[in-house]
Amino acid sequence: MVSSALTGCDLPFDTGSGSPNAYRFYRIKNGGDTVGTENRSIDLAYFRGSVHISDNSTITFDTVSSGKRCGIVQLGLDMDSTVPKIEWENIAAMTDETLPDGRYVGNFKAMDVNSDGNIAVDVMAKTPSGGSITHQMSGLYLQTDINEGFQPVLTYGQKLDGDSVFTTGQLGDIDLHDDNEIMFAGHFKSVDDSSEHGQGVMYLPGASVEDSQMLVSTGDFVPLSNHAFESFGLLDMHDNGHYAIGGQAASLSSPKDGSSDDASQPLLISGNVATSENSVLGATESMSVGVVKAPCFFGPRVTSAGKIYSIGWDEANDNMHLYLDENKVISSGDVSPLGNTALYFSTGSVAGDNALFYTITSSQVNGKIVQELVYFDGSAHTVLLTSGERLSDGSEPVENIVFGGTTKHVDSQNRLVFYCTFTDGSKSLVLGIPA
């Protein structure tokens with residue numbers, strides 16, 4: 001572990017727990033390995049990038065085999081040993097196979113995992129060659145028991161939000177939280193007017209369609225602005241019902257003639273499932289709303305207290321900022337914790353103590369590009385791993401750290417899981433344990 005050189009950000013929270021002293025890092029699975037059981041297995045030709053760790057020491061990730069089959073894999077680990085050991089392996093689902101309800105899997109899209117190791121996934125169905133089964137678009141599926149497999153939560157035509165709308169089978173981002181709370185973006189049609197078509201963000205407490213609630217939808221007014229919501233992108237939900245949603249809005253006053261004034265404007269909103277109110281945290285300058293101004297926003301992350309980490313990106317000026325609410329944590333051009341020049345960042349994952357694990361891609365004085373895996377506790381940055389270092393198991397030096405693609409790279413004990421590539425060309429799923 002390398003000590004931080006970047007402190008004193010004076011941000012509005014402190015975890016009080018102090019930074020982790022050190023981490024031990026181990027390869028868990030390598031590219032080319034085979035996972036599963038003797039009767040059902042898949043080779044790890046490619047890691048697709050989604051990887052999660054749950055409080056019950058379960059790691060969940062997706063992969064593509066050399067035969068181009070996609071799979072969702074779970075590993076149960078013993079992390080109390082001197083060196084972590086895999087106790088069991090399971091393939092939750094694979095393409096070109098049939099789920100318990102008869103849906104034939106064509107592909108998987110958005111996926112999320114909660115602290116119990118339950119999995120919610122958007123399943124794209126297809127008809128087997130020569131088969132007579134027809135499927136309509138995507139379905140949202142949930143696995144809570146590996147012996148029962150994935151069960152449908154909703155499929156095409158399912159009515160939601162008090163039977164006021166039905167799903168068209170086009171789903172977006174998915175968040176699965178504790179107690180199987182699900183929040184997802186999707187396309188819906190009104191039951192009263194089937195010609196009316198729009199997008200929205202739906203909340204399913206306990207994965208219950210009967211209790212579903214539309215949190216925001218296209219056409220709704222953006223608070224304190226002359227804009228209306230037009231589409232929704234990445235989202236995140238945390239404890240106590242706090243959430244953040246990225247999206248696009250359109251002006252209600254500009255002419256619809258394709259001019260620049262008519263272009264969609266990105267924004268970032270926050271809210272709570274217990275209320276019907278949303279507030280704008282970030283938006284473009286032209287919208288004159290929100291405390292963070294940026295032309296683009298990426299992957300928000302929410303703490304249990306409702307504070308939001310986000311990335312604002314200004315492509316025209318090649319400038320990126322990592323925010324905690326309206327406060328800048330670090331910006332492009334700043335000195336990184338290792339004394340390099342920061343180039344860009346991942347939004348990372350929120351720790352059990354509401355701190356943030358994220359990566360900085362930076363440039364050394366000699367121009368070499370490196371990555372720094374960082375723990376930020378609200379005031380100080382601590383570097384845990386960087387390009388060129390070796391893992392605790394003595395493998396080849398790290399080349400790239402692939403971190404920040406999901407909200408669950410970290411569990412409540414601040415154990416980490418992510419991907420690394422190494423200088424010898426190999427790639428691995430890596431586990432980090434506080435020393």
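Everything below is about the structure shown above.
Computed from a prediction, not measured in an experiment: that's the story for all the values here.

(A) Quick peek at the overall build of the protein. Assigned secondary structure in the protein consists of zero helices and 33 strands. Computed over C-alpha atoms, the radius of gyration of the protein comes to 22 Å, within 12% of the 22 Å expected from 2.2 N^0.38 for 435 residues, which places it in the range of a compact globule. In terms of principal-axis extent, the alpha carbons of the protein reach across some 65 × 55 × 35 Å. Residues classed as buried in the protein amount to 55% of the 435 residues present.

(B) Fine view of the sheet that holds strand β24 (residues 319–324). Across the sheet, four strands lie side by side as β22-β23-β24-β25; this open sheet has antiparallel pairing. Two strands lie at the open edges of the sheet, namely β22 (297–302) and β25 (327–331), each paired on one side alone. Between one strand and the next, the sheet's axes are offset by a mean angle of 20°, whatever the strand orientation. Relative to strand β23 (residues 308–314), β22 is paired through four bridges, and the arrangement is antiparallel. Note that in β23 the partner of Arg 301 across the bridge is Tyr 309.

(C) How the structure looks around the nonpolar core. Formed by 21 residues in total, the largest nonpolar core has its most connected members in Val 201, Ile 245 and Leu 267. Where this core is concerned, the elements lending two or more residues are β14 (182–190), β15 (197–204), β16 (213–217), β17 (227–237), β18 (242–251), β19 (265–272) and β20 (278–283). If one sorts the elements of this core by residue count, β17 sits on top with four residues. Filtering out sequence-adjacent residues up to four positions away, Ile 245 remains in contact with Val 201, Val 216, Phe 232, Leu 234, Leu 235, Leu 267, Leu 268, Ile 269 and Pro 300. Counting 20 residues, the second-largest nonpolar core is a separate cluster that includes Val 35, Ile 91, Tyr 419 and Leu 431.

(D) Quick peek at the side chain of Gln 371. Within the fold, Gln 371 resides in strand β29 (residues 369–376). Engagement of the side chain of Gln 371 in a polar contact is seen with the backbone nitrogen of Ile 401, the distance being 2.6 Å. Those residues in contact with Gln 371 that sit more than four places away from it in its chain are Ile 360, Thr 361, Leu 385, Thr 386, Ser 387, Glu 399, Asn 400 and Ile 401.

(E) Quick peek at the sheet that holds β16. With respect to topology, five strands assemble into an open sheet ordered β12-β13-β14-β15-β16, the strand pairing being antiparallel. On the outer flanks of this sheet lie β12 (159–160) and β16, each paired with one strand and no other.

(F) Highlighting the pairing of β17. Pairing of β17 with β18 involves eight bridges; the strand directions are antiparallel. Bridging across to β18, Ser 231 finds its partner in Gln 248. In sequence, β17 turns back onto β18 through a hairpin of four residues, with Asn 240 there showing a positive phi of about 65°.

(G) Expanded view of the pattern of salt bridges. In total, this model carries six salt bridges according to the counting rule given. With a shortest N-O distance of 2.8 Å, Asp 96 and Lys 126 are connected by a salt bridge. Here Asp 96 is found in the loop between β7 (85–94) and β8 (105–113), whereas its partner Lys 126 is found in the loop between β9 (119–125) and β10 (138–143), with 30 residues between them in sequence. When the shortest N-O distance is used, the salt bridge between Lys 109 and Asp 122 registers 4.0 Å. Of this pair, Lys 109 sits in strand β8 while Asp 122 sits in strand β9, placing them 13 residues apart in sequence. The exposure class of Asp 122 is buried, given its relative accessible area of 0%.

(H) Layout of a nonpolar patch on the surface. Side chains of Leu 343, Tyr 344 and Ile 369 sit close together on the surface and give an oily, nonpolar patch of about 270 Å² of accessible area. Looking at the element boundaries, Tyr 344 is found in strand β26 (residues 341–345).

(I) Region of interest: the environment of Ile 59. Looking at where Ile 59 falls in the secondary structure, it is placed in strand β5 (residues 58–64). For the pair formed by Ile 59 and Ile 86, sequence separation is 27 residues and the distance between their alpha carbons is 10.0 Å. Apart from residues lying up to four places away in sequence, Ile 59 is in contact with Val 51, His 52, Ile 53, Val 73, Gln 74, Leu 75, Leu 77, Val 417, Leu 429 and Leu 431.

(J) Spatial organisation of unusual backbone geometry. One non-glycine residue, Asp 96, lies in positive phi territory at about 60°. For Asn 354, which is not a glycine, the phi torsion comes out positive at approximately 70°. Position of Asn 354 among the secondary structure elements: in the loop between β27 (349–350) and β28 (356–363).

(K) Examining the side chain of His 177 more closely. By secondary structure assignment, the location of His 177 is in the loop between β13 (165–176) and β14. Looking at His 177, the relative accessible area reads 11%, which means it is buried.

(L) Structural context of the pairing of β5. Of all seven residues in β5, seven are buried; the element is thus mostly enclosed. Two elements, strand β4 (residues 46–53) and β5, share five bridges in a ladder whose sense is antiparallel. Its bridge partner being in β5, Tyr 46 is matched across the sheet by Val 64.

(M) Structural detail: the packing of aromatic side chains. Across all of its chains, the model carries nine aromatic pairs by this definition. Ring geometry for Phe 25 versus Phe 418: centroids 5.9 Å apart, planes at 75°, classification edge-to-face. One end of the pair, Phe 25, is in strand β1 (residues 23–30); the other, Phe 418, is in strand β32 (residues 416–422), and 393 residues separate them in sequence. Overall, the relative accessible area of 0% leaves Phe 418 in the buried class. Note on Phe 47 and Phe 61: the rings are 6.0 Å apart at their centroids and 65° apart in plane angle, and the pair reads as edge-to-face. Of the two residues, Phe 47 sits in strand β4 while Phe 61 sits in strand β5, which places them 14 residues apart along the sequence. Its relative accessible area of 15% is what places Phe 47 among the buried residues. An aromatic cluster of three or more residues is present, and its members are Tyr 23, Phe 25, Phe 357, Tyr 375, Phe 403 and Phe 418. In this structure, Arg 27 is placed above the aromatic ring of Phe 422, and the distance from its NZ or CZ to the ring centre is 3.7 Å.

Cut-offs and rules
Residues numbered from 1 in each chain as written. Predicted model: local features only at pLDDT ≥ 70, side-chain atom pairs only at ≥ 80, totals over all residues. Heavy atoms only, no water. Helix = DSSP H or I, 4+ residues; strand = E, 2+ residues; numbered from the N terminus. Rg over C-alpha atoms; globule rule 2.2 N^0.38 Å. Buried < 20%, exposed > 50% of the residue type's maximum accessible area, 1.4 Å probe, protein only. Pairing = 2+ DSSP bridges. Axes fitted to C-alpha atoms, helices over the stretch in contact; angles between N-to-C directions. Core = buried A, V, L, I, M, F, W, Y, C linked by side-chain atoms within 4.5 Å. Contact = heavy atoms within 4.5 Å. Polar contact = N/O pair within 3.5 Å; in protein donor to acceptor, adjacent residues only side chain to side chain. Salt bridge = Lys/Arg side-chain N within 4 Å of Asp/Glu carboxyl O. Patch = residues over 30% accessible without salt bridge, like charges linked within 9 Å, V, L, I, M, F, W, Y side chains within 5 Å. Areas by Shrake-Rupley, 256 points an atom, 1.4 Å probe, with all protein chains shown as cover. Phe/Tyr/Trp six-rings, centres within 6.5 Å; stacked < 30°, edge-to-face > 60°. Lys NZ or Arg CZ within 6 Å of the ring centre and 35° of its normal.

Spatial relationships are all this shows, so hold off on functional conclusions.
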